[in-house]
Amino acid sequence: MGRAASGWIVAILPVGLLLFFLSQIGRVESGEPLTAFYPWVPGLGIGLSFYLDGLSLLFALLISGMGALVIIYGGGYLAGHRHLGRFYGLILLFMGSMLGLVTAGNVITLFVFWELTSISSFLLIGFDHERQAARSAALKALLVTGAGGLALLAGLLLLGQVAGSLELIDLLAQGDAVLNHPLYLPILLLILAGAFTKSAQVPFHFWLPAAMEAPTPVSAYLHSATMVKAGIYLLARLSPILGTSEGWHYLVTGAGVVTMLTGAALALGQIDLKRILAYSTVSALGALVLLMGLDTTLSVKAAMVFLIVHALYKGALFLVAGAVDHETGTRDVRQLSGLARAMPITAAAAVLAAISMAGLPPMLGFINKELLYEAKMQAPRLAVVITGIGVLANVLLVAAAAIVGVRPFFGRSRETPRTPHEAPLALWLGPVVLSAAGLVAGLWPELLAETLVSAAVSAIQAEPTVVDLKLWHGLNPVLALSVATVAAGVAAYVARRLIGPVLGRVGRWEASWGAPQWYEWSLRGLNAVARAQTALLQSGRLRNYVLIVVATTIGLVGFTLAGRSRLDWPAGQFSGVRFHEWVLAVIILLAALMAVLSRSRLAAVIALGVIGYSVALLYTLFSDPDLAMTQFAIETLTVVLFVLVVYRLPRFAPFSSRKTRIRDGAVALVAGGMMTTLVLMATAAPRQSRLAAYFAEHSLDLARGRNVVNAILVDFRGLDTLGEITVLAIAAVGIFALLRLRLDDGRPAEPGNDQERP
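Residues numbered from 1 in each chain as written. Predicted model: local features only at pLDDT ≥ 70, side-chain atom pairs only at ≥ 80, totals over all residues. Heavy atoms only, no water.

## Observations concerning the overall build of the protein
Now for step 1: Looking only at helices and strands, one finds 32 helices and two strands in the protein.
Now for step 2: The C-alpha atoms of the protein give a radius of gyration of 36 Å, which is well past the 27 Å a tight globule of 758 residues would have.
Now for step 3: Across its three principal axes, the protein shows a C-alpha extent of roughly 105 × 60 × 50 Å.
Now for step 4: Looking at the 758 residues of the protein, the share that counts as buried comes to 49%.
Now for step 5: When contacts within the protein are restricted to residue pairs at least 6 apart in sequence, long-range pairs at least 24 apart make up 78% of them. (Helix = DSSP H or I, 4+ residues; strand = E, 2+ residues; numbered from the N terminus. Rg over C-alpha atoms; globule rule 2.2 N^0.38 Å. Buried < 20%, exposed > 50% of the residue type's maximum accessible area, 1.4 Å probe, protein only. Contact = heavy atoms within 4.5 Å.)

Encoded structure:
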């Protein structure tokens, strides 16, 4: 009882949130949105701002209400599961992310919560992480929605740049400015990419059916009322800014029409309850996107009602599917029949939800179907085509509703892996509440119309809008279409044995050649590229790493220099170089050649020491005694270090080919020439430093030192000096460690041993 009842306790949080949002209906309905602002990154104009209006409130109520029922359901469904606590934590994280998304008042805040929903849904879909199928489905959802999220971020940043603000309140007043801006089309495409991937529009729809690998409570919550509706929320929220254009209409409407028909067709070819519901969700999301693309007051009304209707009947049916699976051990519709005798409460909830999905009175789904048809028939363009496709999709969905809500419970009983019996209270409470809510809302639709729906439509339309919902509108063409749809849907259900295999082949063709297969090919290609670049860039050889870094630097700097119209050189060329400076330069060059070409380690060490001491002399000649001192100390320690260990090492042996050495030499010469060019360009720049005068003026009053050099070393450049001291200390520690090191038996290598140990 303890762990099974834990869901009731955890559900206290979403119930509290539900009550809070319900208490704000009156205020929001009066046109007074709630706002809150917390500074986050003031320098970039980014704040954690929140904005609760009619649209946000509708989504918040669905998220918190469905969340409470799903958590109670999950406590019973996963009772005894060793990761039940993790389920609660992840579902609450997802709920908080969705609430943050729909109440965000700043586009950056919106994006942060948008990505949090992707991450938390990845963890929820992959909840049974020990199964490869669950891990693969979670990765698929994350990659698709994550790619869309990156596009969304770019679009939101461009939108903020064009509108001059990142706050939604300010953006909503800049619709004309954005619409007439040259960047409008890129902004539209990027934001639509984010919305379409999240809301599973074709060709990104394939991740949603794959996500059915998640536990049923997750599927019911994410794929009925929350995550997949995030893209719909984004379209609704930004439609006052991006809508009203030809591009918006054709892109959004086109995606919606294709997705609506594709999802309905693929749903009827499935045999798993959850996959049937998943594809029907894809179709419903297409219908919602279509309505937002039409961008009329009537279509917005239909979309807001459909949000509620779909959450109620689809959430109920998902929970019913989980209860059936829990009690019978299968979700295969071919093995399910006659369960109403053993599961009467679950059957009643399923039938009510299926009636709402099919659009039959007196459910709210009937009112919504008439609104959908009316909005499509009054579409500003291609109304006949849109209405015809809508009718065809709904016919298939009526058949799907009968398959998932009627067929498993009526008819001759069949043997199932487990002996069926009524689910416990935690598993049938959610379906009963949701289906009953659909019935009550259908009988008294004004309860929703005058409050939530009107406030949401007003928020989208940016003007007060009154919504009137009625169960009966009289005899009209819309009713005729609705009756024809149900009749054709019943016929399709009766002929499912003929239609199902055909549509099943369509689904198999899509899996082999459609978007799912393109995803698999793309993923394999991405992994192949990753393996190739890893083999190239992560070879395990320091020489290759240095070569890549140096070559990349040469390419980037060279590209920048090539774009300059001319290169600035010192006016006096080398006329000011004194004789002893030339001597030091020649010594450094010769010593460098000796270090590279010498086959004796001791000679190479001596040559490196000559280079170091010569550089130190240059520092001294150019009045930089602190650097000279550090250089002398380091060179001395380095020479001592090498001399102490060099005689223990074998003689040089060539490990690279002549061709490789020529390549490395060429890269080194080009890199040296590049650095020389940069130094010459730097010295050609006018010297207008004010540091010398500043140090001389303020060394006493700021650093309390009359010796300007000491003040610079200790105070003005204290961190630089600390770094030099740290280098000396590290070198000393290295020498100490080498002095204590014992290699082999302490004897030097044989002079004739030319092979280096690995």
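There's plenty left to go through after this.
## Quick notes on the nonpolar core
Now for step 1: Ile 191, Trp 207, Leu 208, Tyr 221, Leu 238, Leu 242 and Met 304 are the most contacted members of the largest nonpolar core, which totals 187 residues.
Now for step 2: Tallying contributions element by element places helix H16 (residues 297-328) first for this core, with 21 residues.
Now for step 3: Once residues lying within four places of it in the same chain are set aside, the contact partners of Met 304 are Leu 55, Leu 58, Val 453, Ala 456, Val 457 and Ile 460.
Now for step 4: Among the nonpolar cores identified, the runner-up in size contains five residues, and Leu 547, Ile 554, Val 667 and Ala 671 belong to it. (Core = buried A, V, L, I, M, F, W, Y, C linked by side-chain atoms within 4.5 Å.)

## Comments concerning unusual backbone geometry
Now for step 1: That bond from Val 202 to Pro 203 is cis: its omega, 10°, falls within 30 degrees of zero.
Now for step 2: Tracing the sequence through the fold places Pro 203 in the loop between helix H10 (184-198) and helix H11 (207-210).
Now for step 3: Phi angles above zero are rare outside glycine, and Asp 295 is one such case at about 55°.
Now for step 4: With respect to the helices and strands, Asp 295 occurs in the loop between helix H15 (273-294) and H16.
Now for step 5: Since its relative accessible area comes to 24%, Asp 295 is described here as partly exposed.
Now for step 6: Despite not being glycine, Leu 382 shows a phi value in the positive range, around 55°.

## Some remarks on H10
An α-helix turns once per 3.6 residues; consequently, residues spaced three or four apart project the same way.
Now for step 1: Taking 1.5 Å as the rise per residue, H10 with 15 residues should run 21 Å; its terminal C-alpha atoms sit 21 Å apart, in good agreement.
Now for step 2: Just downstream of H10, Ala 200 is the residue with a positive phi angle, here 55°. (Expected span 1.5 Å × (residues − 1).)

## Digging into a nonpolar patch on the surface
Now for step 1: Judged by side-chain polarity, Trp 40, Val 41, Leu 44, Val 112, Leu 116, Ile 119 and Leu 123 come together as a nonpolar surface patch covering roughly 570 Å² of accessible area.
Now for step 2: Where the nonpolar patch is concerned, the elements lending two or more residues are strand S1 (34-41) and helix H6 (107-125).
Now for step 3: Top element by residues in the nonpolar patch is H6. It accounts for four residues.
Now for step 4: Take Val 112: it is sitting in helix H6. (Patch = residues over 30% accessible without salt bridge, like charges linked within 9 Å, V, L, I, M, F, W, Y side chains within 5 Å. Areas by Shrake-Rupley, 256 points an atom, 1.4 Å probe, with all protein chains shown as cover. Salt bridge = Lys/Arg side-chain N within 4 Å of Asp/Glu carboxyl O.)

## Describing the pattern of salt bridges
Now for step 1: This structure, assessed with the given rule, holds 12 salt bridges.
Now for step 2: For Asp 53, the salt bridge is made with Arg 237, and the minimal N-O distance between the two is 2.8 Å. In this pair, Asp 53 is assigned in the loop between strand S2 (46-52) and helix H4 (54-77) and Arg 237 in helix H13 (residues 230-242), connecting sequence segments 184 residues apart.
Now for step 3: Assessed through its relative accessible area of 6%, Asp 53 is described here as buried.
Now for step 4: Under the relative-accessibility criterion, Arg 237 is labelled buried at 3%.
Now for step 5: Across the pair Glu 520 and Lys 140 runs a salt bridge whose closest N-O atoms are separated by 3.9 Å. Of this pair, Glu 520 sits in helix H24 (residues 515-537) while Lys 140 is found in helix H7 (residues 132-163), placing the two residues 380 residues apart along the sequence.
Now for step 6: A single salt-bridge network, built from bridges that share partners, covers Asp 128, Arg 131 and Glu 213.

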